[in-house]
Each structure stands twice: as C-alpha cells, then as structure tokens.
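Geometric and topological summary
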Amino acid sequence: MVTSSPSYLCYFVVSVLLLSLPSHSADPDPLQDFCVADFTRASKSDNVFPCKPIEEVTSDDFVFDGAREKGNITDVFGLNVTDGNVLAFPALNTLGVSMNRVNFAPGALNPPHSHPRASEIGIVIEGTILAGFVTTNNVYYSKVLTAGQMFVIPRGLVHFQLNVGHGNALSITAFNSHLPGASKLPLNMFSTTPSIPDQVLTKTFQVDQDVITSIRSKFG
Ligand code: GLV
Ligand code: MN
C-alpha cells in the first residue's frame, strides 16, 4: 500500500535524487555552444579553462593543423603521439572529445598506459598493430589489427599497442574527454619526481636492486 508519511516521502525524494546521479563521472555537458580555451587567463591546476572572448573567436580556432605531419620518432619506444587534446586544440574546451595521431616505427610499442578520464576508440590507418587491454580482474583481451579496423579501450583500463608489421604503422585514437590524461605505467614506476623509493620497487617486482637501477637508467 502506498503511504504518504513524511519518512516515505523523504526516502522517495532521496532515491530519485541518487538515481539521477551518474554512477561514474565523465566530462560535464557544455553549457554553451563553445568555449575556446583562453590559457592566458587559466591557472595551472585548471582542467576546464576560461573562454576566449566571443568577439575574438574566428573560424581558425575550430581547426587544428598539428596532426597533419608525422611527428619525429625520438622516444625509446619508437613511437610518436601527437596529442589533439584541449591543450593542443583549445576549441575542444568543454566539448568532451579529443583525438591523437599515433605513429609507430617498425617494432614500436605504445607502452602500457591508461586514461583515467576517458574511454578510447581507435582506427588503424596503416600497418599491422597488436592492440591489447587488461581488465581490473587481470583478463587480457587482444587482437592483431590491420588498416580500417577499429578498436575500443574501456575507460581507465591498462592497454598498449605494438607494431607487429614489417613497416611503419599509424593509428588515430579518439576519447570522450577534452583531456583524457595518460598514466604511462613504466614512467609512473621508474620516472617520477621525486623517485619512488627503490625498496618499494624491488619489493613490488620481487627483483634485486641492480634490476631497478638498470630499468631506471633507461627512462632518465
Ligand atoms: C593510444 O592508446 C592512445 O592513447 O592514443
Ligand atoms: Mn591509449
């Protein structure tokens, strides 16, 4: 029987309020058509940036040329990631999307990493790539992909891509965040400021000090 006593009413209102809250949060919905980021008025800790005055916004703001060229491959993994996030492409501010261009030299690895604020969808444009991710229960899913095939990485899960073809490879990845963030596992462990104590790493990986010293030296 339905009752209208104050306590039931209160319970009902609280339940409706809780149900309307998302069970996880993503970038918030925009409150205006656009808000081209004005970094000159931003503070270092901002993730959402103040808007450029509307009268200064032009068509050029909505175009990003930075991913036209293949970036230089200089890192130890043989990889170049051109970020098309809000920091590179200010018109993405508050729109909840971003995109990367990822170039792989032969044998290159996009090392295990995760994006705390976004799921990732990617398409292979050139070459042959082994794409894999690991669930929070340590189940590993992977597939070798060639040009035209797409893949998806659920938000926050550790994933990698390895160029398993004979030549270069290229993929384009997209995210449901204007700044998805990337926690790169090797750097998170071996290249932090200040350093994680060696004792923590020897114990974590169950190895001797010289192994940790050797790995650290690879990441500077
Ligand atoms: C690929 O995993 C990327 O983060 O661009
Ligand atoms: Mn990724």
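Predicted model only: the values in this text are computed from it and were never measured. Residue numbers run consecutively from 1 along every chain, following the written order of its sequence. As they are written, the chains are lettered A onward and the ligands numbered 1 onward, keeping that order. Totals for whole chains, interfaces and linings use every residue, but because this is a predicted model, local features are given only for residues with pLDDT of at least 70 and side-chain atom pairs only at 80 or more, for both listing and counting. With hydrogens and water stripped out, all remaining heavy atoms of the structure feed into the side-chain values.

**Regarding the site of ligand 1**
The near set for a molecule or strand comprises every residue that places at least one heavy atom within 4 Å of it. Close contacts around ligand 1 come from Asn100, Val102, Asn110, His113, His115, Glu120, His159, Gln161, Thr173 and Phe175, and that covers them all. Side-chain atoms alone can form a polar contact between residues adjacent in sequence; in general such a contact is a pair of N or O atoms within 3.5 Å, and within protein one must be able to donate a hydrogen while the other accepts it. Take Glu120: an N or O atom from its side chain is 2.8 Å from an oxygen atom of ligand 1. Under the scheme used here, helices are H or I runs from DSSP no shorter than 4 residues and strands are E runs no shorter than 2 residues, and both carry numbers assigned from the N terminus. Those elements that place two or more of their residues in the shell around ligand 1 are strand E2 (98-104), strand E3 (109-114), strand E8 (158-163) and strand E9 (169-175). Residues are grouped as follows: Ala, Val, Leu, Ile, Met, Phe, Trp, Tyr, Cys and Pro are nonpolar; Asp, Glu, Lys and Arg are charged; every other residue, Gly included, is polar. Class assignment of the residues belonging to the shell around ligand 1 gives a composition of two nonpolar, seven polar and one charged.

**A few points about the coordination of the manganese ion (ligand 2)**
Metal coordination angles in their ideal form are 109.5 degrees for the four-donor tetrahedron and 90 or 180 degrees for the six-donor octahedron. Note on donors: an N, O or S atom is included if it sits within 2.8 Å of the metal, or within 3.2 Å for Na, K and Ca, and water is never included, so sites can look incomplete. Bound to the manganese ion (ligand 2) are the protein donor atoms His113 (NE2), His115 (NE2), Glu120 (OE) and His159 (NE2), situated 2.1 to 2.2 Å from the metal. Around the manganese ion (ligand 2), the six donor atoms are arranged such that angles at the metal cover 73 to 170 degrees; this shape is classified as octahedral. Read N to C, the donor residues that coordinate the manganese ion (ligand 2) are spaced as H-x1-H-x4-E-x38-H. We classify His113 as buried; its relative accessible area is 5%. Exposure categories follow from relative accessible area, calculated using a 1.4 Å probe and restricted to protein chains: below 20% of the type maximum is buried, above 50% is exposed, and the middle band is partly exposed. A relative accessible area of 3% means that Glu120 is categorised as buried. Geometry is assigned from the angles between donors: four donors with all angles from 85 to 135 degrees make a tetrahedral site, four or six donors whose opposite pairs exceed 155 degrees while the rest stay between 65 and 115 make square planar or octahedral sites respectively, and everything else is labelled irregular.

**Focus: the pattern of salt bridges**
Any Lys or Arg side-chain nitrogen located within 4 Å of an Asp or Glu carboxyl oxygen qualifies as a salt bridge. Counted according to the given criterion, the structure contains three salt bridges. Arg41 is the partner of Asp38 in a salt bridge, and the nearest nitrogen-oxygen pair spans 3.2 Å. For Asp38, a relative accessible area of 12% gives the class buried.

**Let's talk about the pairing of strand E5 (residues 128-134)**
Counting buried positions over the seven residues of E5 gives five, a clear majority of the element. When DSSP finds two or more bridges between a pair of strands, those strands are recorded as paired. Inspection of the sheet shows E5 paired to strand E6 (residues 140-146) by seven bridges, in the antiparallel sense. Across the sheet, residue Ala131 finds its bridge partner in E6, namely Lys143. Where E5 folds back on E6, the antiparallel hairpin that results is connected by five residues, among which Asn138 adopts a positive phi of roughly 65 degrees. Relative to E8, E5 runs antiparallel, the two being bridged by six bridges. Looking at E8, one finds that Ala131 is bridged to Gln161.

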